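# Examination of the molecular architecture
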Amino acid sequence: MTNANLYGLLEAHFPADRLSPCLETPNTAVWTFADVEAESARYASLMRERGVAPGDRVAVQVEKSPRALILYLACLRAGAVYLPLNPAYPEREVDYFLGDAEPRLVVTRPESADGAGRLCERHGIGEPLTLGTGDDGTLIEASRSMPDRFDTVERAPDDLAALLYTSGTTGQPKGAMLTHANLFSNAEVLHRAWGFRAGDVLLHMLPIFHTHGLFVACHTSLLNGSPMIFCPRFDAAEACRLLPRATLFMGVPTFYVRLLGQAGFGSAQGANIRLFVSGSAPLLEQTFEAFRERTGHTILERYGMTECGMSTSNPLDGERRAGTVGPPLPGVDLRVSREDGTSAGPGEVGEIEFKGPNVFAGYWRLPEKTAAEFTADGFFRSGDLGRIDDDGYVSIVGRGKDLVISGGFNVYPKEVELLIDRLDGVAESAVIGLPHPDFGEQVTAVVVRTPGVAWPTKQSVIEALKQALASYKVPKRVFFADELPRNSMGKVQKSVLRERFARG
Ligand code: AMP
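Remember, it's a predicted structure, so these values are computed and weren't measured experimentally. Residues take numbers from 1 onward in each chain, read along the sequence in its written order. Two thresholds apply to this predicted model, a pLDDT of at least 70 for residue-level local features and 80 or more for giving and counting side-chain atom pairs, whereas whole-chain, interface and lining totals are computed over all residues. Working from all heavy atoms in the structure, the side-chain values ignore hydrogens and water.

Any Lys or Arg side-chain nitrogen located within 4 Å of an Asp or Glu carboxyl oxygen qualifies as a salt bridge. Overall, the coordinates contain 26 salt bridges when judged by the stated rule. Note that Asp389 and Arg321 form a salt bridge whose closest N and O atoms lie 3.9 Å from each other. With a gap of 68 residues between them, Asp389 in the loop between strand 17 (380–388) and strand 18 (394–399) and Arg321 in the loop between strand 14 (309–313) and strand 15 (333–337) connect regions that are remote in the sequence. Two residues, Asp402 and Arg498, come together in a salt bridge whose shortest N-O distance is 3.3 Å. Placement of Asp402 in the loop between strand 18 and strand 19 (404–406) and of Arg498 in helix 16 (residues 494–502) is noted, with a sequence separation of 96 residues between them. To qualify as a helix, a DSSP run of H or I must reach at least 4 residues; to qualify as a strand, a run of E must reach at least 2; elements of each kind are numbered from the N terminus.

Between rings of Phe, Tyr and Trp, where Trp is taken as its six-membered ring, a pair exists when centres lie within 6.5 Å; planes separated by under 30 degrees are stacked, by over 60 edge-to-face, and by other angles tilted. One pass over the structure, following the stated rule, counts 23 aromatic pairs. Here the aromatic rings of Phe234 and Phe255 are separated by 4.1 Å at their centres, their planes lie at 10°, and the arrangement is stacked. Separated by 21 residues along the polypeptide, Phe234 in the loop between strand 10 (228–230) and helix 9 (236–242) and Phe255 in helix 10 (residues 253–260) bring together distant segments of the chain. Look at Phe234 and you get buried, because its relative accessible area is 14%. A simple rule labels every residue: compare its accessible area, found with a 1.4 Å probe on the protein chains alone, to the largest value its type can have, and call it buried under 20%, exposed over 50%, or partly exposed in between.

Attention shifts here to the site of the ligand. Glu301, Arg302, Thr306, Asp384 and Lys491 are the nearest of the 15 residues found near the ligand. N or O atoms within 3.5 Å of each other form a polar contact, as long as, within protein, one can give a hydrogen and the other can take it, and as long as residues adjacent in sequence are counted only when both atoms are side-chain atoms. In the model, an oxygen atom of the ligand is placed 2.9 Å from a nitrogen or oxygen of the His210 side chain. Between the ligand and the protein, one listed contact pairs a nitrogen atom with a side-chain N or O atom of Glu301 at 2.9 Å. To be clear on the numbers: accessible area is Shrake-Rupley with a 1.4 Å probe, and residue cover counts the displayed protein chains and nothing else. For the ligand, whose unbound accessible area comes to 500 Å², protein coverage reaches 89%. Any residue outside Ala, Val, Leu, Ile, Met, Phe, Trp, Tyr, Cys, Pro, Asp, Glu, Lys and Arg is labelled polar, Gly included; the first ten of those are nonpolar and the last four are charged. For the shell around the ligand, a count of residues per class yields five nonpolar, five polar and five charged. The rule for a residue being near a molecule or strand is that one of its heavy atoms must lie within 4 Å of it.

Any two strands with at least two DSSP bridges between them are considered paired. Spatially, the eight strands line up as an open sheet ordered 2-1-10-9-11-12-13-14, and their pairing is mixed. One side of each edge strand has no neighbouring strand; the edge strands of this open sheet are strand 2 (30–32) and strand 14. In this sheet, neighbouring strand axes are inclined to one another by 25° on average, regardless of whether the strands run parallel or antiparallel. Taken together, the two bridges between strand 1 (residues 21–24) and strand 10 define a ladder with parallel strand orientation. Bridge pairing in strand 10 places Leu23 opposite Met228. Only the stretch in contact is used when a helix axis is fitted, and all axes are lines through C-alpha atoms; the angle between N-to-C directions ranges over 0 to 180 degrees.

The sheet built from four strands is open, its strands ordered 15-16-17-18 with antiparallel pairing. Edge strands, defined here as strands with exactly one partner in the open sheet, are strand 15 and strand 18. Strand-to-strand twist of the sheet, defined as the mean angle between neighbouring strand axes without regard to direction, takes the value 45°. By the bridge criterion, five bridges tie strand 15 to strand 16 (residues 350–355) in an arrangement that is antiparallel. Each residue of the ladder has a partner; that of Asp333, found in strand 16, is Lys355.

It is worth spelling out the nonpolar core at this point. Ranked by size, the top nonpolar core spans 113 residues in total, and within it Met47, Tyr72, Phe249 and Phe354 carry the most contacts. The biggest single contributor to this core is helix 3 (residues 66–77), with nine residues. Other than its neighbours up to four places away in sequence, Met47 contacts Val52, Val58, Leu71, Ala74, Cys75, Ala78 and Leu105. To qualify as a nonpolar core, a set must consist of buried Ala, Val, Leu, Ile, Met, Phe, Trp, Tyr and Cys residues joined through side-chain atoms within 4.5 Å. Listed in part, the 17 residues of the second largest apolar core include Val81, Leu98, Cys120 and Tyr165. Between two residues, a contact is recorded if the distance between any of their heavy atoms is within 4.5 Å.

Turning next to helix 7 (residues 180–193). Helix length check: helix 7, at 14 residues, gives a terminal C-alpha distance of 20 Å against a target of 20 Å (1.5 Å per residue), a fit within 8%. Most of helix 7 sits out of view: ten of its 14 residues are buried. For helix 7, the set of buried residues is His180, Asn182, Leu183, Phe184, Ser185, Asn186, Ala187, Val189, Leu190 and His191. Residues of helix 7 that are buried make contact with helix 1 (6–11), helix 3, strand 7 (160–166), strand 8 (174–179), helix 8 (211–224) and strand 14. What a helix is expected to span follows from its residue count: subtract one and scale by 1.5 Å.

So, on to the environment of Arg477. Here Arg477 is to be found in strand 23 (residues 477–480). Residue classification places Arg477 among the partly exposed residues on the basis of a relative accessible area of 36%. For the pair Arg477 and Gly195, spaced 282 residues apart in sequence, the C-alpha separation works out to 47 Å. Discounting chain neighbours no more than four positions away, the residues touching Arg477 are Leu434, Gln442, Val443, Thr444 and Ala445.

The amide bond that connects Trp455 to the next residue, Pro456, takes the cis arrangement and shows omega of 0°. Take Pro456: it is sitting in the loop between strand 22 (440–449) and helix 15 (458–468). In this structure, Glu102 takes a positive phi of about 45° despite not being glycine. For Glu102, the location among the structural elements is in the loop between helix 4 (91–101) and strand 5 (105–108).

Take the packing of helix 4 against helix 5 (residues 113–122) next. Packing of helix 4 against helix 5 leaves a shortest axis separation of 10 Å and a crossing angle of 35°. For the crossing formed where helix 4 meets helix 5, the hand is right-handed. Touching Glu91, Val94, Asp95 and Leu98 of helix 4 are Gly115, Arg118, Leu119 and Arg122, all from helix 5. Of the residues assigned to the contact of helix 4 with helix 5, the class counts are three nonpolar, one polar and four charged. Throughout, a crossing is termed right-handed when the near helix is turned clockwise from the far one, and left-handed when it is turned anticlockwise from it by less than a right angle.

A word on the packing of helix 10 against helix 12 (residues 285–295). Relative orientation and spacing of two packed helices are given, respectively, by the angle between their axes and the distance between those axes. Running from N to C, helix 10 and helix 12 cross one another at 45°; their axes reach a closest spacing of 10 Å. Classified by the angle between their axes, helix 10 and helix 12 sit oblique to one another. Seen along the crossing, helix 10 lies across helix 12 with a hand that is left-handed. Only Thr287, Ala290, Phe291 and Arg294 of helix 12 make contact with helix 10, whose side of the interface consists of Tyr256, Val257, Leu259 and Leu260. Residues of the contact of helix 10 with helix 12, tallied by class, amount to six nonpolar, one polar and one charged. Any angle that is under 35 degrees is reported as roughly parallel, and any over 145 degrees as roughly antiparallel; angles of 65 to 115 degrees are reported as roughly perpendicular and all others as oblique.

Shown next, in the form of C-alpha cells:
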C-alpha cells in the first residue's frame, strides 16, 4: 500500500534544496523546509511518547505562529486527527469540544494552562501541553530532546486527518471528519486551478483554525514547495507593507474592504501579486469593482465550506465574474435541487448539492445527522441556496436558514441586498426576516451608511426598492447600524441581527 498520509504526500513536493524558506515571519525570521521537517519530527515523537496513537484526536487551541502550523503537520505525521479550536472560544465551549471529541492530548496557550488543565482532568485527558507565540511553552521544552527524524505513520486514504467543528445550520457544533484523501485531493485541484508555480510567495494573514487559512492556503503552498509570509493576523497597513514581497494573497472579503480603506493603497502594492483570492463569505460587487479600479487586479472568488473544502472557483484564465463563485472545480459534481429533490433549471434557485473526493466522511459520532445531510444518491446537501447559469457559473444567494419566507413567498436576501448596496450613500446591508403575526416573517433591512452621510433615509430605501422588486420582497422595516456583526471569517452574523432587531 502506498502511504496516503497527507504530510508524506505534501513532503514529496518539498523543494530539493531543503534549506529554502518555507515560513517567513513579518520580521523576516525564516523556517526552512529542513527546519519544518525536523521540528515536526520532534513534536510527532513527543506525541507518540505521550501516548498519542494513530486515530487519536489532538485538540489544539493556540495562537497562530509558524510552530502552530508545524504542530498541525506533526499531528499528521503521527497519524493523529488534528482538532483546531479558535483561540477566542471560552472555556465553556472548549469543554463541549473536549467532551465530544475525546482527544488524547490537548495543546493550549501558556496563559490558558490552568483552565485547560482543569478541563483535561474533568475529561480524563492527561496534562495539556502549552505553546506560546515566542519560544515559550512546554511543547517546545519537552520536544527539544526528541529526535529530529520521524517515520511518518502509514495512513489509508479514508483515515481521518482532521476534525473541524462547524455550527452548520442549527444547534450544537458538529465535528466534520476530513480524511487524508479529502484534503490532498482538494490541495492538488486548487494548486493546479490557481496555477501555482516556482517563485510564488503567499502572504498568509488568515487564521489557521479554519479550512481557508489552514487547508486552502497552507496545503497549496506546501504542495508548491514555496514560502509563505506567515503573519499572526490580518492588518491592513501590514498587508500594504508586505504585499510587494509576495505573489499571492488569500483573504476573506473584509480584508479587501479594509485594504481599500487604506489611504494610498493601489497598483503599487499589487504590482508583484499575480493572484488575489477571496472566499468564506460573499464578496460585494462594489468591492470587486473598486479593487479592480484601484489596483488593476480582478479578485478571484471561490466557494467552499468546512465539510467539503473548495467546490467552485472562478477561473485563473477566463472571465472572473463579479457576484459569482465560478464553475465547479474539476472532480466536483455540483447540482442545484428544488425542495422536492428534482433538478432546478438553469438560473433557477435551489439548494446546492455536491459529490466528489472533496466531500467529507460525515459528522463525528452523528451517523443519523450525517445520513440526513446526504441525498439517496450520495450528494451532500450544502444548505446554501444558489443557481447555475447557462454557462456553468454558480451564484450563492444565501444560506437556507437565512431565507426569508414572508406570506408564503420565498425572499432571497442576496437579491434585495444587492439592490440596497447599489444605492448612493450605502456601504453595505443585510436583509433578514423578523417574526410577524400575519406574514410569518417580515422582510427587514439593516443598512450601514457610508460614514458621514445621512442619506438614504428609511423611506427612501423602501421607495427605491419598490421600483425594482415585487412588493413581497420589499423590506417593510429598515434599521441603520454603524456596522454589521461579523465572525472572524468575515461572515455576517444574521442570527445576531435577528436577535437584536427582533427585540426592537
Ligand atoms: P465555513 O464552513 O465556515 O467555511 O462556511 C461555509 C459557508 O460559507 C458556505 O456554506 C457558504 O454559506 C459561505 N461561503 C463560503 N464562500 C463563499 C462565497 N465565496 N460566497 C458566498 N458564501 C460563501
